[in-house]
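Summary of the model geometry
Residue strings, one per chain:
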Amino acid sequence: MKKQSVKVLFFFFTLPLIPAVFLQSHIKDYVYKGDVIAEQYSITVEKSRELQNILWLDSRKKSKYESGTIDGAIWVSYKDWEGSLMKIFESFEPGQNIIVYCNPTCSTSRNLAKQLRQEMGQENIYYLKGGYEAWLKLQK
Amino acid sequence: MVKATEIVTCILLVFLFGFTAWAKLSAPEVFVDALKAYQLFPDKLTPIIVYYVPILEIALAVGLVLPKYFKDALRASLILMGIFQALLLSFLLRDLEGDCGCFGKLGGTPGWSFVKNLFIIGLILYTLYITRNNPSEVDPSSEK
């Protein structure tokens with residue numbers, strides 16, 4: 001590769017760093033603190049034990065749901081949102097708490113819980129902090 | 001044929017990079033969530049990556065449009081796509097869950113993105129191959 005081309009490639013990959021370093025402050029809060037509003041609807045496994053009458057929703061991959069999940073949990077997915085909503089409404093009892101979970105690092109459960117709160121118009125819909133793994137840990 | 005391929009590649013990549021850059025910049029929180037799902041990047045670097053990637057995509061889109069930098073932008077695109085593929089492969093092999101982070105709020109599954117990127121890499125390689133004998137615009141000494 002010609003020297004000039006190497007120089008151009010170098011500039012392509014290094015120049016964007018300058019504006020990125022200046023802009024990073026806009027998103028730092030979200031990176032470190034997360035979605036502060038959504039955090040209000042997070043619930044730990046310990047806290048979930050204090051709740052009565054929970055409808056568990058598993059938002060992990062179907063293969064993971066099939067290989068092990070919380071007893072009575074319904075599998076839900078964005079890919080089949082209409083179908084998932086139907087299953088939820090079929091199983092849901094008025095006054096029931098809903099807890100959505102996935103794995104520790106995915107944001108699907110948080111986003112799904114948020115969407116469900118909007119669709120169902122109720123506040124007692126949470127996402128499980130630490131996901132299924134956190135629940136499993138406490139069973140041992 | 002060579003010119004037609006260059007034009008098609010240019011339009012496709014400019015559209016792709018422009019669109020994905022816009023998608024990421026319009027919803028940086030979504031991109032943060034996607035980056036966290038990869039479980040590869042420390043929190044200290046994540047805020048920089050969130051803006052670095054879409055700005056790089058914009059820079060490449062601009063470079064592709066300028067005849068003087070077209071081939072170098074193509075090579076840089078190839079490198080970037082290679083990095084994306086390595087990250088996606090890592091994501092798939094570790095059986096992680098989440099969005100690929102490619103299209104911001106519009107979402108995108110890692111598996112589908114990996115396949116799509118293979119086509120793009122193939123197109124870039126083909127374009128570089130058929131234009132290999134064209135003199136480089138940047139280096140005048142390569143002109144015959």
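Residues numbered from 1 in each chain as written. Chains lettered and ligands numbered in written order. Predicted model: local features only at pLDDT ≥ 70, side-chain atom pairs only at ≥ 80, totals over all residues. Heavy atoms only, no water.

Right, let's get into the pattern of salt bridges. Taken as a whole, this structure holds six salt bridges over all chains when the rule is applied. Of the charged contacts in the structure, one is a salt bridge between D58 of chain A and R60 of chain A, with a shortest N-O distance of 2.8 Å. No difference in accessibility class separates D58 of chain A from R60 of chain A, as the two residues are buried. Between R110 of chain A and D33 of chain B there is a salt bridge; the shortest N-O distance is 2.8 Å. Taken together, the residues R110 of chain A in helix α8 (residues 108-120) and D33 of chain B in helix α2 (residues 28-38) connect one chain to another. Per residue, the accessibility class of R110 of chain A equals that of D33 of chain B, and both read buried. (Salt bridge = Lys/Arg side-chain N within 4 Å of Asp/Glu carboxyl O. Buried < 20%, exposed > 50% of the residue type's maximum accessible area, 1.4 Å probe, protein only. Helix = DSSP H or I, 4+ residues; strand = E, 2+ residues; numbered from the N terminus.)

The next point concerns the pairing of strand β2 (residues 54-58) of chain A. Residue and element names in this part refer to chain A. Summarising burial for β2: five of the five residues are buried, a large majority. Both faces of β2 are covered, namely the face carrying I54, W56 and D58 and the face carrying L55 and L57. Relative to strand β4 (residues 97-101), β2 runs parallel, the two being bridged by five bridges. Across the sheet, residue D58 finds its bridge partner in β4, namely Y101. Here β2 runs beside strand β3 (residues 74-75); their pairing, made up of two bridges, is parallel. In the strand pairing of β3, L57 is matched with I74. Running through helix α6 (residues 62-67), the crossover from β2 to the neighbouring parallel element β3 is right-handed. (Pairing = 2+ DSSP bridges. Right-handed = clockwise from strand over helix to strand, strands pointing away.)

What follows covers the environment of E97 of chain B. Along the polypeptide, E97 of chain B turns up in the loop between α4 (70-93) and α5 (110-130). Taking relative accessible area as the criterion, E97 of chain B reaches 6% and is therefore assigned buried. C-alpha of E97 of chain B to C-alpha of M81 of chain B: the two residues are 16 residues apart in sequence and 21 Å apart in space. Other than its neighbours up to four places away in sequence, E97 of chain B contacts S59, R60, K61, K64, C102, N103 and C106 of chain A together with A37 and F91 of chain B. (Contact = heavy atoms within 4.5 Å.)

Read these as geometric descriptors, not functional statements.
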